[in-house]
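What follows is the residue order along each chain.
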Amino acid sequence: EASDDYISFVLAPAGGAGGGGGARQHRIRTAANANTFTGADRTMSSDDRFHILALVHTGYELMVYKDGTVDPLVQDHNLESAEGVAPYVTPVRATALDGLLAPMDSVIIGAISLASNTSEFLEGDLAEALVLDTDLSVADIDSIASYLSRKYGLYWQATTGPRATAITPANGPAVGGYQITLHGTGFASEASRVSVSILGVNCSNVMVVSAGTSVSARVPAGVGFVDLDVTSDAVTSLVQGLFQYDAPQVTAVRPSVVPAAGGARITILGANFGGPSH
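Calculation notes
Residues numbered from 1 in each chain as written. Predicted model: local features only at pLDDT ≥ 70, side-chain atom pairs only at ≥ 80, totals over all residues. Heavy atoms only, no water. Buried < 20%, exposed > 50% of the residue type's maximum accessible area, 1.4 Å probe, protein only. Helix = DSSP H or I, 4+ residues; strand = E, 2+ residues; numbered from the N terminus. Pairing = 2+ DSSP bridges. Contact = heavy atoms within 4.5 Å. Axes fitted to C-alpha atoms, helices over the stretch in contact; angles between N-to-C directions. Polar contact = N/O pair within 3.5 Å; in protein donor to acceptor, adjacent residues only side chain to side chain.

(A) Quick look at the pairing of strand E22 (residues 249-254). Of all 6 residues in E22, 0 are buried; the element is thus mostly exposed. Taken together, the 5 bridges between E22 and strand E23 (residues 267-271) define a ladder with antiparallel strand orientation. Pairing of Val250 across the sheet is with Gly270, part of E23.

Structure follows, in structure tokens:
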């Protein structure tokens, strides 16, 4: 049985039902008394197969954060009071309804029925859905999304939490095993609440150098420019372009002469070749 008043969130072809296998978009639709209310700008592109989405329902509007977007997609359903008031648009109505709309009965993710027809759907699979019936701060959302990001290897750009603006030293030998210091903001005051990893490998010996502004960690072996994941109080931030391992250096090749037919084994001597996996 369809809800009388509801907000639906779907992932569907950009052209609507039957739109084929082309571009898809996330779309929000508000329905009141089985009459549809929509805003022309209540869509968001789906530019990848998998996303972390945070849906926040306040009772009068639904906000969708995709991959940590600063400005969420918003669908307001206190429609009469929202008309002409920024940042909302005047809703497009299927029929004219007077008065102020009450809070919605429900929020539906995909597969809703309207007038005995399935009018919206979720064209994809949900890997995990976490439902929390409580008020969440932006930091709370970042913490939960960071957990999903680490679990599934998906992108989430936190707007709270740690921020690294510099790393010293900015480079080092590929063998690893030395300390680097991350400078920035938002680091917890206790080392037990901070972790640093490079390409999924945890750094060891994490220490607080200056509460809130710098931490140090011992790096594993690696090669080239690398991204670091810095987690403080369960919120993870991606650090890019601030650290690289020194380039390989070849000092000798043994033997220096081999048969032209090939097949001979040679040994390359030098430095900064990384670990066995590199």
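(B) Just the side chain of Ser197, in detail. Structurally, Ser197 is set in strand E15 (residues 194-198). Setting aside its immediate chain neighbours within four residues, Ser197 contacts Asn202, Cys203, Asp227, Leu228 and Asp229.

(C) Highlighting the sheet that holds strand E16 (residues 201-202). Pairing within the open sheet is antiparallel, and its 4 strands lie in the order E16-E15-E19-E20. Each end of this open sheet is capped by a strand with a single partner; those strands are E16 and strand E20 (235-239). Pairing between E15 and E16: 2 bridges, direction antiparallel. Bridging from a neighbouring strand, Ile198 pairs with Val201 of E16. Where helix H2 (residues 138-152) meets the sheet, it contacts strand E19 (228-232) and E20, and its direction lies at approximately 65° from that of E20.

(D) Local environment of the sheet that holds strand E14 (residues 179-185). Within the open sheet, the 4 strands sit side by side as E12-E14-E18-E17. Their pairing is antiparallel. Each having just a single partner strand, strand E12 (163-168) and strand E17 (204-210) make up the two edges of the open sheet. Strand-to-strand twist across the sheet, computed as the mean angle between neighbouring axes with direction ignored, equals 25°. Direction of pairing for E14 relative to strand E18 (residues 214-218): antiparallel, over a ladder of 5 bridges. Directly across from Thr181, in E18, lies its bridge partner Ser216.

(E) Up close: the side chain of His51. With respect to the helices, strands and loops of the structure, His51 is situated in the loop between strand E4 (43-45) and strand E5 (53-57). At 2.7 Å, the side chain of His51 forms a polar contact with the side chain of Asp67.

(F) Examining the environment of Pro162 more closely. Structurally, Pro162 is set in the loop between H2 and E12. The class of Pro162 is buried, set by a relative accessible area of 1%. Counting along the chain gives 71 residues from Pro162 to Asp233, while the straight-line C-alpha distance between them is 9.0 Å. When residues no more than four places from it in sequence are discounted, the contact partners of Pro162 are Thr185, Gly186, Phe187, Val230, Thr231, Ser232, Val235 and Ser237.

The values are spatial; any link to function lies outside them.
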